Amino acid sequence: MTTTADLQTVLSRCGIDLPRYSGHDISVHSPIDGAEIARLAALPVAQMPQVIDRATQAFEQWRLVPAPVRGELVRLWGEELRRAKADIGHVISCEVGKIVQEGLGEVQEGVDICEFAVGLSRQLHGKTIVSERPGHRIMEQYHPLGPVAIITAFNFPSAVFAWNAAIALVCGNPVIFKPSEKAALSGLATFKALERAIEQFGNRAPAGLAQIVLGTSDVAEALVDSPQIALVSATGSTPMGRTVGPKLAARFGKRILELGGNNAMVVTPAADLDLAVRAIVFSAVGTAGQRCTTLRRLIVHRDIKQALLDKLLPAYRSLRIGDPLQAGTLVGPLIDKASFDAMQHSIEQAQQQGGQLLAGGQRQLEQSFPHGFYVAPAIVDMPAQTAIVQHETFAPLLYVLSYDELAQAIALNNDVPQGLSSCIFSNDLREVETFLGAAGSDCGMANVNIGPSGAEIGGAFGGEKETGGDRESGSDAWKQYMRRTTNTINYSRELPLAQGIQFE
Ligand code: UN1
């Protein structure tokens, strides 16, 4: 294994001067072999007020830079990400264990959102609204909001920062980035690309426009608690959201919460089964089941269940599990032992609750990687949607449930606390439209004939219920990064009151 040696070279090509960040607080391990790849210093929480003040000062200037000029900075960032794609992808693979294709795909997601944000920088417009009063006009404006904190999880250490920061920056907001301690290097590599863009952009960018804070949860808390932070965009578990949400609500801070998912696929008798199998495999085992959009529940019509499993089980048996840097590997390691233990615990629970293990679940490659946690993706046939099935286990663990009527399938899809992503495989228009309709899937994303994961950046990303209820990335998610003002303008010589009120 030469990953560690390679990694040092790649990190320096990414502009990361490791000694500058070295310390004893954060130990970063590669899940590939469990080796420590860096030891970083955490920012003392006592320094957070200065960090936040710098962002507040940067806001004073950045909000006055015309949005299309702000877009130019993000265009440069996109170019830097494009140039560094292979290197940042490699850092992601080493640090969180993504296969090469998925590491590259994650950086591409950053490039894509930058390009989206550049176009958006000329389209931050509000409506013009007719007034009920003569000689009056109403319009909306969107203004920059203030410093934005971006707190991210280990599993998308680059893209989630990019899709928040690119939009926040064109909207006129400075950003403070707190990456997961498990993925600080991928965060740094992505941030360095932004720093290079800022350098090229020159003195039009105020000092403190983009800052990264490596630290533990106290640093994140300082961001959540500060009234100077206008918006906190936090990605992680539902328990994390339960802590952050009420704190923000108490200070009327804005939030974007992207929390747990428990995503389902409904497969009906009108489905193209071969297509469904391909989608199941990618969305259930891709990223070793560690996407918030991972397929976790397969809801199959009873009549086709066996036929589907007959195709799916051989596909699971032929999965190439191993070193994510090796060409041909499809499933890399879990992030750490805790994650492996949690998966084992869920499988046991599922069995106690009447489930039958149909595939996988066992640790793999223990001889070659005694400190790496590789696992055979598991499928468990469940008699019902029991307590464990309602729970998100962040690992490649797929539950199979059966149904007889579409209404039952939709009820199962919706009967979990989370509401991120969902999909139906069917070529029957009635089934498809019912699933997409008002009484259909209650998730933020509902797809047809594609899996629940791997969303494009152009749409709004996020989900309902315990997923948080917010949206980020494309569509009109940018509006959350701005404050809207409604302006009523009287160009007459009279002062008519709305609602016909006479006041004299
Ligand atoms: C996440 O897992 O936190 O839709 C984000 C997807 C990716 C993003 C996932 N575009 O699977």
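Rules behind the numbers
Counting starts from 1 at the beginning of each chain's written sequence and moves along it residue by residue. Only residues with pLDDT of at least 70 get local features here, since the model is predicted, and only at 80 or more are side-chain atom pairs given and counted; chain-wide, interface and lining totals rely on the full set of residues. Only DSSP runs of H or I covering at least 4 residues are called helices, and only runs of E covering at least 2 are called strands; the numbering of each starts at the N terminus. Here the radius of gyration uses the C-alpha set of atoms, whereas the globule reference equals 2.2 Å times the residue count to the power 0.38. Exposure in this text rests on C-beta crowding, where 20 or more other C-beta atoms within 10 Å of a residue's own make it buried, 12 or fewer make it exposed, and counts in between make it partly exposed. The C-beta atoms are placed from the backbone. By the convention adopted here, residues are in contact when the distance between their C-beta atoms, placed from the backbone, does not exceed 7 Å. Note on pairing: DSSP must find at least two bridges between two strands before they are called paired. UniProt positions are given in the numbering used here, feature names are shortened, and annotations may be inferred rather than shown by experiment. In these notes, a nonpolar core means any group of buried Ala, Val, Leu, Ile, Met, Phe, Trp, Tyr and Cys residues linked to one another through C-beta atoms within 7 Å. For each domain, the first and last residues come from an automatic or database assignment. Here, nearness is defined through the C-beta atom: a residue counts as near a molecule or strand if that backbone-placed atom lies within 6 Å of it. Classes in brief: Ala, Val, Leu, Ile, Met, Phe, Trp, Tyr, Cys and Pro nonpolar; Asp, Glu, Lys and Arg charged; the others, Gly included, polar. Only C-alpha atoms enter the line fits that serve as axes; for helices the fit covers just the stretch in contact. Angles between N-to-C directions range over 0 to 180 degrees. We call two directions roughly parallel when the angle between them is under 35 degrees, roughly antiparallel when it is over 145, roughly perpendicular when it lies between 65 and 115, and oblique otherwise. Helix crossings fall into two classes, left-handed where the near helix is turned counterclockwise from the far one by less than a right angle and right-handed where it is turned clockwise. The handedness rule is simple: strands pointing away from the viewer, and a clockwise path from the first strand over the helix to the second, make the crossover right-handed. Every residue is assigned a pLDDT by the predictor, reflecting its confidence on a scale from 0 to 100. Helix span, as expected, comes to 1.5 Å for every residue beyond the first.

What follows is about the overall build of the protein. The number of helices and strands found in the protein is 15 helices and 23 strands. Taken over C-alpha atoms, the radius of gyration comes to 24 Å for the protein, in line with the 23 Å a tight globule of 504 residues would show. For the protein, the spread of C-alpha atoms along the principal axes amounts to about 80 × 60 × 35 Å. Scored against the burial criterion, the 504 residues of the protein give a buried share of 53%. Considering only intrachain contacts with a sequence separation of at least 6, the fraction spanning at least 24 residues in the protein is 74%.

Within strand β1 (residues 22-29), only 0 of the 8 residues are buried, leaving the element largely exposed. Count of turn residues in the β1/strand β2 (residues 36-40) antiparallel hairpin: 6 residues, of which Gly34 carries a positive phi of about 80°.

Quick look at the UniProt feature "domain: Aldehyde dehydrogenase" (unreviewed entry) in the protein now. Following the UniProt record, the feature "domain: Aldehyde dehydrogenase" (unreviewed entry) maps to residues 24-485 here. Secondary structure across residues 24-485 divides into 39% helix and 21% strand, with the first and last C-alpha atoms of the span separated by 47 Å.

To continue, consider the nonpolar core. Among the nonpolar cores identified, the biggest contains 147 residues, and Ala165 and Ala166 are the most heavily contacted of them. Both domains that furnish three or more residues to this core are identified here as domain 1 (45-259 + 468-485) and domain 2 (263-457). What Ala166 contacts, discounting residues up to four positions off in sequence, is Val74, Trp77, Ile113, Cys114 and Ala117.

The subject of this paragraph is the site of the ligand. Surrounding the ligand, one finds Glu109, Asn155, Phe156, Val160, Thr235, Arg291, Cys292, Thr293, Ser453, Gly454 and Ala455. Looking at side-chain class alone, the shell around the ligand contains 4 nonpolar, 5 polar and 2 charged residues. When residues are assigned to domains, the shell around the ligand turns out to be shared by domain 1 (45-259 + 468-485) and domain 2 (263-457), each giving three or more.

Segmenting the protein into domains produces domain 1 (45-259 + 468-485) and domain 2 (263-457). One C-alpha centre belongs to domain 1, the other to domain 2; they are set 31 Å apart. On the side of domain 2, 15 residues touch domain 1, which itself brings 19 residues to the contact. If you list the elements that add at least two residues to the side of domain 1 that touches domain 2, you get α5 (85-96) and α6 (100-120). Considering only residue class, the side of domain 1 that touches domain 2 consists of 7 nonpolar, 5 polar and 7 charged.

A few words on unusual backbone geometry. The phi angle at Asn449 is positive, at roughly 60°, despite the residue not being glycine. Here Asn449 lies in the loop between β19 (445-448) and β20 (460-461). On the basis of neighbour count, Asn449 is assigned to the partly exposed category, with 15 C-beta atoms found within 10 Å. Positive phi is not limited to glycine here, since Lys465 has a value of about 55°. On the secondary structure map, Lys465 appears in strand β21 (residues 464-465).

All right, on to the sheet that holds strand β23 (residues 482-490) then. The sheet built from 3 strands is open, its strands ordered β3-β4-β23 with antiparallel pairing. Looking at which strands have only one partner, the edges of the open sheet turn out to be β3 (128-130) and β23. Adjacent strand axes in the sheet meet at a mean angle of 25° when their direction is disregarded. Pairing analysis gives 9 bridges linking strand β4 (residues 136-144) to β23, with the strands arranged antiparallel. Residue pairing in the sheet places Met139 in a bridge with Asn487 of β23.

The next point concerns the packing of helix α4 (residues 67-83) against helix α8 (residues 184-201). Packing of α4 against α8 leaves a shortest axis separation of 8 Å and a crossing angle of 130°. By the criterion of interaxial angle, the relationship of α4 to α8 is oblique. Crossing handedness for the pair α4 and α8: right-handed. For the pair α4 and α8, the contacting residues are Glu72, Leu73, Leu76, Trp77, Glu80 and Leu81 in the first and Ala193, Leu194, Arg196, Ala197, Ile198, Gln200 and Phe201 in the second. Residues belonging to the contact of α4 with α8 are distributed by class as follows: 9 nonpolar, 1 polar and 3 charged.

This part takes up the sheet that holds strand β6 (residues 175-178). Overall, parallel pairing links the 5 strands, which are arranged β7-β6-β5-β8-β9 in an open sheet. At either end of the open sheet lies a strand with only one pairing partner, and these are β7 (210-212) and β9 (254-258). Neighbour-to-neighbour, the strand axes of this sheet turn through a mean angle of 15°, independent of strand direction. Here strand β8 (residues 231-235) runs beside β9; their pairing, made up of 5 bridges, is parallel. Within the sheet, the bridge partner assigned to Ala234 lies in β9 and is Leu257. Each of β5 (148-151), β6, β7 and β8 touches helix α7 (residues 159-170); the most contacted strand, β6, lies at about 170° to it.

Residues Val175 and Phe177 point to one face of β6 and Ile176 and Lys178 to the other, with burial holding for every one of them. Of the pairings in the sheet, the one linking β5 to β6 comprises 4 bridges and is parallel in character. Following the sheet pairing, Ala149 is matched in β6 by Ile176. Crossover connection from β5 via α7 to parallel β6: handedness right-handed.

This paragraph deals with the confidence of the model for the protein. A residue-level look at the protein finds 99% of positions with pLDDT of 70 or above and a mean pLDDT of 97. Here helix α1 (residues 3-13) is the element of the protein with the lowest mean pLDDT, 83, and strand β10 (residues 263-267) is the one with the highest, 99. Across the interfaces of the predicted complex, the ipTM metric reaches 0.97, alongside a pTM of 0.97.

As a further point, take helix α10 (residues 238-250). Under the 1.5 Å per step criterion, the end-to-end length of α10 is 18 Å for 13 residues, consistent within 8% with the ideal 18 Å. Where α10 is buried, its residues meet α9 (217-225), β8 and β9. Of the residues trailing α10, Phe252 is marked for its positive phi of about 55°.

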